[in-house]
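Read off the chains here:
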Amino acid sequence: MVNKITVIGAGNVGATVANDVAIKNLAEEVILIDIVENLAEGKALDMWESSSIWGFHSRVKGVTNDYAASKDSDIIVITAGKPRKPGMSRDDLISTNAKIVNIIATELIKYSPNAIFIVVTNPLDVMTYAVYKTVSKYVDKPRTQVFGMAGTLDVARYKAFIAEALNVSPDNIQALLMGGHGDTMVPLPRYTSIGGVPLTQLMDKETIDKIIVRTQKGGGEIVQLLGTSAWYAPGAAIMQVVEAVALNKREILPVCAYLNGEYGYKDIYIGVPVILGKNGIEKVVEIELNEEERAAFDRSAEHVKEVMKVLDDMAII
Ligand code: APR
């Protein structure tokens, strides 16, 4: 258990992760912050009122735009941002959300220079880079302190689809996935097993390929059903990385990490396996990729670089 976890954005994803980390008793205090008056206060109070039923004692509190409440946070999760609206270009969304996360990170880092920052706002890889740039003005080891959550969500979806197809427990599956968060992500069947048995021995290639495509489009599938993006699985997937840090679990998990030469890339944030512990990213794990996997990862990195170009014109970066 750590002392304080702060979640920025009390929308669908932010509120869900605050609830999940409280239920898991991962911090003495869980602080929820939103820009909309009383939203965080109301949701935090609602969660706190469930504490005796769930049996947790994490004190959940909500505040409106009061960053002093985040002082001395051990872990900070940033979910704040605007959804894409009709008529808004992808570039508009990137610059709008980059400005939001930049302002928020500037406030947060003053109060918690040692916090681990977990970015969730989309487009994920580029927003994580924007937060890194802000944080790096204030701390010595920004690349260990700042990472993005996408891989644990994408892997959870991939496992859910495999479990459904094979009629096995999702909990029994080990899997890995790399690349940017979006259609170019790279699920890795060669690194997927069920109870130690390689997936490739249990499932034909055609079914595996269908599951890979469904995973890549997993976010869109929910948007089509709900008209808005997902929150239960994203909240749980954020909780998983928060837990790895809060409990210093040193788990290998896929997160959006800063590369400084690993996999042949520099100065880019993209999904790779890392060891997660109390310092955040303890180590980027470099795995062996075959030609096909390597080509898919390179395509994904090219896509992330394209999106990053929008940041080049922005004075904040
Ligand atoms: N400061 C604090 N909170 C803010 C700010 C800001 N400057 N700007 C927006 N917010 C808040 C909004 O008021 C809202 O409550 O961020 C919250 C975002 O919540 P939702 O719109 O419900 O979005 P959500 O589904 O939670 O997704 C959040 O996570 O998965 C990603 O793509 C998703 O980028 C999106 C983010």
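Refer to the structure presented above.
Just so it is clear, the structure is predicted and the values come from calculations on it, not from any experiment. (Residues numbered from 1 in each chain as written. Predicted model: local features only at pLDDT ≥ 70, side-chain atom pairs only at ≥ 80, totals over all residues. Heavy atoms only, no water.)

1. With respect to the nonpolar core
- Core analysis: the largest hydrophobic core is formed by 98 residues, its most contacted members being Phe-117, Tyr-263 and Val-272.
- The two domains that each donate at least three residues to this core are domain 1 (2-148) and domain 2 (151-314).
- If you look at the next biggest cluster of nonpolar residues, it comprises 12 residues, including Ile-162, Ile-173, Leu-199 and Met-203. (Core = buried A, V, L, I, M, F, W, Y, C linked by side-chain atoms within 4.5 Å. Buried < 20%, exposed > 50% of the residue type's maximum accessible area, 1.4 Å probe, protein only. Domains from an automatic or database assignment.)

2. Quick notes on the site of the ligand
- Close to the ligand lie 19 residues, the nearest being Asn-12, Val-13, Asp-34, Thr-79 and Asn-122.
- The side chain of Asp-34 places a nitrogen or oxygen atom 2.6 Å from an oxygen atom of the ligand.
- Here an oxygen atom of the ligand and a side-chain polar atom of Asn-122 are 2.8 Å apart.
- Residue assignment for the shell around the ligand shows that the elements contributing at least two residues are α1 (12-23) and α4 (90-111). (Near = heavy atom within 4 Å. Polar contact = N/O pair within 3.5 Å; in protein donor to acceptor, adjacent residues only side chain to side chain. Helix = DSSP H or I, 4+ residues; strand = E, 2+ residues; numbered from the N terminus.)

3. Focus on the environment of Val-135
- Here Val-135 lies in helix α5 (residues 124-135).
- If we ignore the near neighbours within four places in the chain, the residues touching Val-135 are Ile-109, Phe-117, Pro-142 and Val-146. (Contact = heavy atoms within 4.5 Å.)

4. Let's talk about the sheet that holds strand β11 (residues 197-198)
- With antiparallel pairing, three strands are arranged side by side in an open sheet as β7-β10-β11. Whereas interior strands pair on both sides, the edge strands pair on one side only; in this sheet they are β7 (173-174) and β11.
- Relative to strand β10 (residues 193-194), β7 runs antiparallel, the two being bridged by two bridges. By the bridge assignment, Gln-174 is partnered in β10 with Ser-193. (Pairing = 2+ DSSP bridges.)

5. Details of empty space enclosed by the protein
- Tallying each qualifying case throughout the model produces one cavity of 30 Å³ or more.
- The space that makes up the largest cavity amounts to roughly 50 Å³.
- Along the wall of the largest cavity there are 14 residues; nearest its centre are Ala-150, Gly-151, Gly-179, Cys-256 and Gly-271.
- Put simply, the parts of the chain that give the lining of the largest cavity at least two residues each are α5, α7 (151-166), β12 (251-260) and β13 (266-277). (1 Å grid on protein atoms, 1.4 Å probe; cavity = no way out; pocket = protein on both sides within 12 Å on 5 of 7 lines; lining within 4 Å. Points joined across faces, edges and corners; volume = space filled by probe spheres on them.)

6. Brief notes about the layout of surface pockets
- There is about 490 Å³ of room inside the second largest pocket.
- Along the wall of the second largest pocket there are 20 residues; nearest its centre are Pro-187, Pro-189, Asp-209, Ile-212 and Glu-292.
- Elements represented by at least two residues in the lining of the second largest pocket include exactly β9 (186-187), α9 (205-216) and α12 (291-312).
- Here the lining of the second largest pocket is built from residues that sort into nine nonpolar, four polar and seven charged. (Nonpolar A, V, L, I, M, F, W, Y, C, P; charged D, E, K, R; others polar.)

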